[in-house]
Amino acid sequence: MNEKNSIILKAEKLAKSFHSGSACVNVLHDASLCVRAGRSLSIRGESGCGKTTLLNLLSRIESADSGQLFWQGREVDKIRSSRLARERGRFMGMVFQAYYLVPELDSLGNVLLAARVAGIKPDRARAESLLERVGLKERMSASPLTLSGGERQRVAVARALMNKPQLMLADEPTGNLDEKSGSVVMDMLMAVCAEEGASLVLVTHNRAFAARTGEQFVMHDGHLFAE
Amino acid sequence: MPWYLQLALRQLFPAGRRRPSFFFLVSVLGVTLGVMILVIVQSVMGGFDKEHRSKMVMTSGHVDVRAGGAVIHSQDRIMDIIAGHDEVAAAVPYAQGIVMLTSGNRPAFPVIMGIDFSQKEQVVPFKEQNLVFSGSVDDMDDDSVLLSSRLADKLAAWVGSEVEVYTPLMIEKLKADEVMLPRRLRVCGVFETGWTPVDSNTMVCTLPLMQDLYELGNGVHGVSIRLKEDSDEAAWNLAFELNGELDNGIYAQTWMDLNRDFLWILAFEKNMMLFLLLFIVLVAAFAISVAQLLTVMRKTREIGLLEAMGARPLHLALLYCFQGFFIGLLGVVFGSLLAVAALHYRDPVISFLAQITQSRAALEQFYQFTHMPVYYDSHDFVVISVATLVISTLAGLIPAVRAAYMKPAEALRSE
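Residues numbered from 1 in each chain as written. Chains lettered and ligands numbered in written order. Predicted model: local features only at pLDDT ≥ 70, side-chain atom pairs only at ≥ 80, totals over all residues.

## As for the overall build of chain B
Piece 1. Scanning chain B from terminus to terminus reveals 17 helices and 12 strands.
Piece 2. Taking 2.2 N^0.38 as the reference for a compact globule, 415 residues should give roughly 22 Å; the C-alpha atoms of chain B span a radius of gyration of 32 Å, well beyond that estimate.
Piece 3. Principal-axis analysis of the C-alpha atoms gives chain B an extent of 105 × 55 × 40 Å.
Piece 4. For chain B, the residues scored as buried account for 40% of the 415 residues in total.
Piece 5. For chain B, the proportion of contacts with a sequence separation of at least 24, taken over those separated by at least 6, is 84%. (Helix = DSSP H or I, 4+ residues; strand = E, 2+ residues; numbered from the N terminus. Rg over C-alpha atoms; globule rule 2.2 N^0.38 Å. Buried ≥ 20, exposed ≤ 12 C-beta atoms within 10 Å, placed from the backbone. Contact = placed C-beta atoms within 7 Å.)

## Concerning the overall build of chain A
Piece 1. Secondary structure summary: chain A contains 7 helices and 10 strands in total.
Piece 2. Radius of gyration (C-alpha) of chain A: 17 Å, near the 17 Å computed for a compact globule of 227 residues.
Piece 3. Projected onto the principal axes, the alpha-carbon positions of chain A cover approximately 50 × 40 × 40 Å.
Piece 4. Residues counted as buried form 48% of the 227 residues belonging to chain A.
Piece 5. For chain A, long-range pairs separated by at least 24 residues make up 72% of all intrachain contacts whose partners lie at least 6 apart in sequence.

## Describing the sheet that holds strand β1 (residues 7-20) of chain A
Residues and elements named next belong to chain A.
Piece 1. The strand order across the open sheet formed by 4 strands is β2-β1-β4-β5, and the pairing between neighbours is antiparallel. The open sheet has two free edges, formed respectively by β2 (23-36) and β5 (74-75), since each of these has just one partner strand.
Piece 2. Taken together, the 10 bridges between β1 and β2 define a ladder with antiparallel strand orientation. Across the sheet, residue Phe 18 finds its bridge partner in β2, namely Val 25.
Piece 3. This element, helix α1 (residues 51-59), spans β1, β2 and β4 (66-71) of the sheet and lies at about 125 degrees to β1. (Pairing = 2+ DSSP bridges. Axes fitted to C-alpha atoms, helices over the stretch in contact; angles between N-to-C directions.)

## Brief notes about the packing of helix α12 (residues 313-344) of chain B against helix α15 (residues 378-395) of chain B
Residue and element names in this part refer to chain B.
Piece 1. At a minimum axis separation of 7 Å, α12 and α15 run at an interaxial angle of 150 degrees. When the axis of α12 is compared with that of α15, the two are roughly antiparallel. Note that α12 runs across α15; the crossing there is right-handed. Two secondary-structure elements touch here, α12 through Cys 321, Gly 324, Phe 325, Ile 327, Gly 328, Leu 329, Gly 331, Val 332 and Ser 336 and α15 through Phe 381, Ser 385, Thr 388, Leu 389, Ser 392, Thr 393 and Ala 395.
Piece 2. Among the residues forming the contact of α12 with α15, the class breakdown is 8 nonpolar, 8 polar and no charged. (Parallel < 35°, antiparallel > 145°, perpendicular 65-115°, else oblique. Left-handed = near helix turned anticlockwise from the far one by under 90°. Nonpolar A, V, L, I, M, F, W, Y, C, P; charged D, E, K, R; others polar.)

## Remarks on the confidence of the model for chain B
Piece 1. When the pLDDT values of chain B are averaged, the result is 86; 96% of them are 70 or greater.
Piece 2. In the predicted complex, the global pTM is 0.74; the interface-specific ipTM is 0.83. (pLDDT = per-residue confidence, 0-100.)

## Some points on the interface of chain B and chain A
Piece 1. Listed per partner, the contact involves 19 residues of chain B and 20 residues of chain A.
Piece 2. When residues of the side of chain B that touches chain A are traced back to their parent elements, those giving at least two are α1 (3-12), α11 (300-308) and α17 (408-413) of chain B.
Piece 3. Ranked by residue count, the leading element in the side of chain B that touches chain A is α11(B), at 6 residues.

## Brief notes about the pairing of strand β7 (residues 167-171) of chain A
Residues and elements named next belong to chain A.
Piece 1. The buried count for β7 comes to 5 of 5 residues, which makes it a mostly enclosed element.
Piece 2. With burial as the criterion, each face of β7 is covered, one bearing Leu 167, Leu 169 and Asp 171 and the other bearing Met 168 and Ala 170.
Piece 3. The sheet contact formed by strand β6 (residues 92-95) and β7 spans 4 bridges and is parallel. Opposite Met 94, over in β7, you have Leu 169 as the bridge partner.
Piece 4. Looking at chain direction, β7 and strand β8 (residues 199-204) are connected through 5 bridges and run parallel. Bridging from a neighbouring strand, Met 168 pairs with Leu 200 of β8.
Piece 5. Once the chain exits β7 it traverses helix α6 (residues 179-196) before rejoining the sheet at β8, and the crossover so formed is right-handed. (Right-handed = clockwise from strand over helix to strand, strands pointing away.)

## What about the environment of B:Gln42?
Residues and elements named next belong to chain B.
Piece 1. One can find Gln 42 in helix α2 (residues 22-60).
Piece 2. Exposure remark for Gln 42: the 26 C-beta atoms within 10 Å place this residue in the buried category.
Piece 3. The spacing of Gln 42 and Tyr 375 is 333 residues in sequence and 8.5 Å in space, taken between C-alpha atoms.
Piece 4. Beyond its immediate chain neighbours, meaning those up to four positions away, Gln 42 contacts Lys 270, Leu 274, Asp 380 and Ile 384.

## As for α6(A)
Residues and elements named next belong to chain A.
Piece 1. Under the 1.5 Å per step criterion, the end-to-end length of α6 is 25 Å for 18 residues, consistent within 8% with the ideal 26 Å.
Piece 2. Gly 182, Val 185, Met 186, Leu 189, Val 192 and Cys 193 are the residues of α6 that are buried. One side of α6 carries all its buried residues, which in axial view fall inside an arc of 145 degrees. α6 presents Lys 180, Asp 187, Ala 191, Ala 194 and Glu 195 as exposed residues on the side facing more than 90 degrees away from its buried surface.
Piece 3. Next to the buried residues of α6 lie β3 (40-45), α4 (124-133), α5 (149-161), β7, β8 and α7 (207-211). (Expected span 1.5 Å × (residues − 1). Arc of directions from axis to C-beta.)

## Re the sheet that holds β3(A)
All names here are of chain A.
Piece 1. Pairing is mixed across the open sheet formed by 6 strands, whose spatial order is β6-β7-β8-β3-β9-β10. Bordering the open sheet on either side are β6 and β10 (223-226), each of which pairs with just one other strand. Strand after strand, the sheet turns through a mean of 20 degrees between neighbouring axes, direction not considered.
Piece 2. Direction of pairing for β3 relative to β8: parallel, over a ladder of 5 bridges. In the strand pairing of β8, Ser 42 is matched with Leu 202.

## Some remarks on unusual backbone geometry
Residue and element names in this part refer to chain A.
Piece 1. In this structure, Tyr 100 takes a positive phi of about 55 degrees despite not being glycine.
Piece 2. Mapped onto the secondary structure, Tyr 100 falls in the loop between β6 and α3 (107-117).
Piece 3. Assessed through the 21 C-beta atoms surrounding it within 10 Å, Tyr 100 is described here as buried.
Piece 4. Within the chain, Asp 221 stands out as a residue other than glycine whose phi angle is a positive 50 degrees.
Piece 5. By the element assignment, Asp 221 lies in the loop between β9 (215-220) and β10.

## A closer look at the pairing of strand β3 (residues 100-103) of chain B
Residue and element names in this part refer to chain B.
Piece 1. Judged by which residues are buried, β3 turns out to be one-sided: Leu 101 and Ser 103 face inward and are buried, whereas Met 100 and Thr 102, on the alternate face, are not.
Piece 2. Alignment of β3 against strand β8 (residues 162-166), held across 3 bridges, turns out to be antiparallel. Residue Leu 101 lies in a different strand from β8, and its bridge partner there is Val 165.
Piece 3. Where β3 folds back onto strand β4 (residues 106-108) in an antiparallel hairpin, the turn is made up of 2 residues, including Gly 104, whose phi is positive at roughly 65 degrees.

## Examining the domain arrangement of chain B
Piece 1. Here the domain parsing of chain B yields domain 1 (3-54 + 263-413) and domain 2 (63-229).
Piece 2. Inter-centroid distance (C-alpha atoms) of domain 1 of chain B to domain 2 of chain B is 52 Å. (Domains from an automatic or database assignment.)

## What to know about the environment of B:Val223
Residue and element names in this part refer to chain B.
Piece 1. Of note, Val 223 is situated in strand β11 (residues 222-227).
Piece 2. Between the alpha carbons of Val 223 and Val 92 there is a distance of 5.4 Å; along the sequence they are 131 residues apart.
Piece 3. If we skip the residues at most four places from it in the chain, Val 223 touches Val 65, Gln 75, Ile 78, Met 79, Ile 82, Ala 91, Val 92 and Pro 93.

Set out below in structure tokens:
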């Protein structure tokens, strides 16, 4: 377990550009940030300013053009590509705006899937406990297709926490929800991350949600600023 | 169960009220039809093959001892050697050749087979199988013959008719200006074995008559042997053992050696049919590939999520390869069951078709069957099943590779 306030994720001058034909769009310019154990931070900004790209770079599901990324002090570029996915699956949990639940599995199956995919022995009791903590005790065997948007996102949160990650990356988790459901999901996300001791990186439009995190960043035209 | 296997099954067979996808059903149907046709064709070909083999054995025995066409005078020693083998059910000396036969003004040049009818156990089961459908084999003597059905038809000679036989020796004597009268023989029976090469042009007589016609003295051309157990391996073994015991110049051959070319053609035909019909499965494999590609495209973001959660490319590839495998497996099971059901009801179907096309008589005359022979060979099932499963799994490989090499961020961004 990391000591409180120790740095679990560090990004230094991450840059990313996309090429479309002969045009080159610089999406991210020298973004740097640190995530400390058990702490939360938010990244706020307009649509298309590069928030999701930064999150993708932090989770290394996308490579940066330049800059360095460290997970728990280890340079991510030095992790063998064959091990990277597994390392990611164990180190961090991810929540997306569009939930991305597997429709063929029930709620419990979706939560257990996170462990199985990451090569961790699935702990059914933990999965049930997580679903109970996000208020879905009665919907464990429900298909995602029968769940409301808020319920789906809560399953996604439980899934992200299944492997006891040290870091939770949440990309607009309330973006598809109405204000009330969004608020419930946000409360629950903050609470369970705190209970689990997981750090949280929250990407959001919502100033109020952003204000609830320990550190706030704003992104504007690919530049990241501390607020 | 590994997660990719469970997910593959769930994607194919959704739980609850959700139905399997249309593309999945079409893919399974395609493979089912391919397998069904393959099994039917191979089983019918196997049936004909089996039928041909049994007729060959019935008309020539399992093993044949010969001296390469030369006359054998040591048949007693050969019979003693054969008698030392317990697996032998019957051993009958024979002599054979070609004669000219006339009945009225109709000529024919049949194969003449002189058989030692004094042997208690016969190789050709004239009595046991009721091969003589007109007259009787019991009426055979040294002045009578049995004619095969088509030969009798050609000569218009029936039981009680007289036929005249000219041997090659008579022609030799004619060259020396000797006058030789044909041998007049009585037809005592007409037989049919169901084996066309024999039924079309064969005359059977007693061994003494044949020895007389060909001036063989006590000589014979060979000894045909029937085994107690109808087994290819037993025939091979006996021929091998006899070849170690027989005098030089006399050798034993199995019925498979004697009919090697014909058996090769049968096997070649069957293998060619399998090869050509496998293309049906190949077409079905394209349906699998397209269906799986559509699934991969539909589930692009889900694949991106799995990669983001730590799924290895190999496991993602296996997820879709397994789906191809399962589609193939279902096709094999349903295709085989439908084929067996169709073959079970083949006779009513053939009868119905013969009835509505009024071709029953033609069917019996030209194909010699109203009952279509079928033989289920486990080897055929294994070959068809393995080939289908391999093709189906490979069909899932293209979408699998596409899924495995998808970049997670791009997959999650896709619309």
